[in-house]
Every structure is written in structure tokens, then in C-alpha cells.
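The residues making up each chain are set out below.
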Amino acid sequence: MERFSKVYTQGVIDVMEIWVDRETGVQYLFHKDGNAAGLTPLLDQQGKPVVKS
């Protein structure tokens, strides 16, 4: 079983994806544009990680 699951994707060159950690339920935003990329947890209005139930 893979730990992370991609649940959303948009774009081809300018890519935005949402990944879910299957062990913790925490959602992450991945953004790629050309040679640059970044990954960060999605946060709610209180600054806490968004957890998929």
C-alpha cells in the first residue's frame, strides 16, 4: 500500500495537485511550474492542517 494518494490535479505545465497522507489523513498542496516545485500542508482558517475524514 502506498502512503500518499493523489486526489486532485489540474494543469499541465503549471500543475496544482492535492495529495492525502493515508496514515494521518493530512492533505498537502503540491505546485509545479517549470523547474520549480513545492509541497505544503493545506491549512484551515485557524492554521491547523486539513484532515480528510
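For the structure itself, look to the data block above.
Report follows, based on the coordinates.

### Structural notes on the overall build of the chain
For the chain, the helix and strand inventory stands at zero helices and four strands. Moving toward the C terminus, one meets the helices and strands of the chain in the order β-β-β-β. In terms of overall dimensions, the chain has a C-alpha envelope of 30 × 30 × 15 Å along the principal axes. Here the chain holds 53 residues, and the buried ones make up 17% of them. Expressed as a percentage of contacts within the chain between residues at least 6 apart in sequence, the contacts between residues at least 24 apart total 13%. With the model as given, the accessible surface of the chain reaches about 4,200 Å², and the carbon-plus-sulfur share is 54%. Averaged over its 6 positive side-chain charges, the chain has a centre that lies 4 Å from the centre of its 7 negative ones.

### Overview of the pattern of salt bridges
The full count for this structure, using the stated rule, is three salt bridges. The closest approach of N and O atoms between E23 and R3, which form a salt bridge, is 3.7 Å. In this pair, E23 is assigned in the loop between β2 (14-21) and β3 (27-33) and R3 in the segment before β1 (4-10), connecting sequence segments 20 residues apart. We classify E23 as exposed; its relative accessible area is 60%. On the basis of relative accessibility, which here comes to 38%, the residue R3 falls in the partly exposed class. Between K6 and E17 there is a salt bridge; the shortest N-O distance is 3.6 Å. Highlighted residues: K6 in strand β1 and E17 in strand β2, separated in sequence by eleven residues. In the salt-bridge network here, residues are joined through shared partners; they are R3, D21 and E23.

Calculation criteria
Residues numbered from 1 in each chain as written. Predicted model: local features only at pLDDT ≥ 70, side-chain atom pairs only at ≥ 80, totals over all residues. Heavy atoms only, no water. Helix = DSSP H or I, 4+ residues; strand = E, 2+ residues; numbered from the N terminus. Buried < 20%, exposed > 50% of the residue type's maximum accessible area, 1.4 Å probe, protein only. Contact = heavy atoms within 4.5 Å. Areas by Shrake-Rupley, 256 points an atom, 1.4 Å probe, with all protein chains shown as cover. Lys, Arg positive; Asp, Glu negative; His and termini not counted. Charge placed at Lys NZ, Arg CZ, Asp CG, Glu CD. Salt bridge = Lys/Arg side-chain N within 4 Å of Asp/Glu carboxyl O.

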